[in-house]
Amino acid sequence: MCLNAQDYFPSRPNAKYIYKGFKNNFLNFTKYEDYNTDSKIQLRFNNSDSSFLNIYEYTPIGIKLIINKTDIDYRENLINEKFNVNNFIIKEPIKKDSFWFLSDGSKRIITSINANINTIYEYFTSALEITTLSKNNSISIDYYVKNIGLVKSIYYINDIGLLSAELEDIVEDTPLTQNIKFFYPDSRLNSIWFIEKTLNFYTNESNTLAFAKAFELPPKGLLPLINKNVSINQLYFDYNNKFVYIDFSKDLFYFLDNYQKEIYWFIASIFETLRNYYHTDNILITIEKKPYSFNLTSLELLQKKLPTTNQKWIISDCNLPLTYVVKENDSIVNIAEEFETTHLKLTKINKIKNPNLLLPNQVLQIYSSGTYTIKAKDTLNSISEKFGISY
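First, a word on scope: everything that follows refers to the structure included in this document. Just so it is clear, the model here is predicted, and its values are computed rather than measured.

This part covers the packing of aromatic side chains. Going through the model one piece at a time under the given rule, you end up with 25 aromatic pairs. On the numbers, 5.0 Å between centres and 75° between planes, the contact of tyrosine 74 with phenylalanine 237 is edge-to-face. Taken together, the positions of tyrosine 74 in the loop between strand E5 (62–69) and strand E6 (87–91) and phenylalanine 237 in strand E15 (residues 232–238) put the pair 163 residues apart, joining distant regions of the chain. By relative accessible area, which is 4% here, tyrosine 74 ends up buried. Judged by relative accessible area, phenylalanine 237 falls into the buried class, the value being 4%.

Listed below in structure tokens is the structure:
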């Protein structure tokens, strides 16, 4: 029977592999297939400290690691990037004592095609055992099982000793989940705020639909960045030039017409969301492939426009969340009295270390119950202005 390398390293879309590490927490990690084609797969490895991508190519003579990208927590299809590695992890013929060399001179040998190996997940027989002898005298042994892939790795490293990681579970039909900061203007257009949203991505799924939905649905008290008529035509990250490009449908023009004097709040919110996700200030926002006239291309310009860009919105669970801009001679006590809340609540919500030190133009989140006791000289107009609502 002819053994095939791809059988031992199959594509498994929408499956999360969970590995348990021993003697090193870095070896506790998950593996997920971000993207695939007929000849390549992009795998994401996440642990508690970092995330990296490996891209593998299925060749006629084996499985080759061709791209390794470290510290990549954003999701982007990099399958067609230029190779930066050229090492077979499994090479045919699949037979004992077959060997090959890696680009750094290390030697990789098939030491068994019928290894018995125990893991948390299952006891396997007939595993493929591949041993790597590094030039620095460290040794690693990887075990692959047909139709599953990597099930265990054992490492012997000089001055450290023996380490290992083994398959603990496989969760099928599950998406990759990411917690992403999304920024939105508040309903009174005093500032922009962020909230973390959990987005789900299945293998080969585009980012555009998930981001469009998140832009459209802010928490209570904040404004949407687009409406249901607006779509994202394209969203991609140029890895080599560290450049983000996002193109919207023409309906964004009509949506922003409602906020002629405050358009920069919306553009800045989109900018900040993409800047935080992709870790770059190089962002181009277009509408139907034409640069938007109010395009923000630097963080410096963004910060000049905004009182704050990195405050978390934490009052969306109240009935009428709103914001207030501190004026000269304001105190935390009189602001609390004006909005019928407590100074302790305002201090806690806004993480104010010194309640006696409020700065003019500082923007505060106001937790409101949605009820208001009418006072002398109140009018419908004065009440609506105070709470930023219409009557």
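Now, onward.
Within the secondary structure, glutamate 328 is located in the loop between strand E19 (322–325) and helix H5 (332–338). For glutamate 328, a relative accessible area of 61% corresponds to the exposed category.

This paragraph deals with the pairing of strand E17 (residues 283–287). Of all the five residues making up E17, four are buried; the element is thus mostly covered by neighbouring parts of the structure. The pairing of strand E16 (residues 243–248) with E17 spans five bridges and is parallel. When the bridges of E17 are listed, tyrosine 245 appears paired with leucine 284. Alignment of E17 against strand E18 (residues 290–291), held across two bridges, turns out to be antiparallel. Bridge pairing in E18 places threonine 286 opposite proline 291. Counting the residues between successive antiparallel strands, the hairpin from E17 to E18 contains two residues, one of them, glutamate 288, with a positive phi of roughly 50°.

Taken together, the seven bridges between strand E1 (residues 16–22) and strand E12 (residues 161–171) define a ladder with antiparallel strand orientation. Bridge pairing in E12 places tyrosine 17 opposite isoleucine 170. Examined bridge by bridge, strand E11 (residues 149–157) and E12 share six bridges and lie antiparallel to one another. Bridge pairing in E12 links isoleucine 154 to serine 164.

Attention now goes to the nonpolar core. Among the nonpolar cores identified, the biggest contains 59 residues, and Phe211, Phe215, Phe248, Phe266 and Leu274 are the most heavily contacted of them. For this core, the element with the most residues is helix H3 (residues 263–278), which contributes nine residues. When sequence neighbours within four positions are dropped, the list of residues in contact with phenylalanine 266 reads Pro185, Leu189, Leu223, Pro224, Leu225, Phe255, Leu256 and Tyr259. Of all hydrophobic cores here, the second largest spans 40 residues; its members include Ala5, Tyr17, Ala127 and Ile148.

Bringing the sheet that holds E15 into the picture now. With mixed pairing, the four strands of this open sheet are ordered in space as E15-E16-E17-E18. Each edge of the sheet is formed by a strand with only one pairing partner; in this case those strands are E15 and E18. Contacting E15 and E16, helix H1 (residues 207–216) runs over the sheet at an angle of about 115° to E15. H3 rests against E15, E16 and E17 of the sheet, and its axis sits at about 135° to E17.

Definitions and limits used
Residues numbered from 1 in each chain as written. Predicted model: local features only at pLDDT ≥ 70, side-chain atom pairs only at ≥ 80, totals over all residues. Heavy atoms only, no water. Phe/Tyr/Trp six-rings, centres within 6.5 Å; stacked < 30°, edge-to-face > 60°. Helix = DSSP H or I, 4+ residues; strand = E, 2+ residues; numbered from the N terminus. Buried < 20%, exposed > 50% of the residue type's maximum accessible area, 1.4 Å probe, protein only. Pairing = 2+ DSSP bridges. Core = buried A, V, L, I, M, F, W, Y, C linked by side-chain atoms within 4.5 Å. Contact = heavy atoms within 4.5 Å. Axes fitted to C-alpha atoms, helices over the stretch in contact; angles between N-to-C directions.

That's the geometry; what it means functionally is another story.
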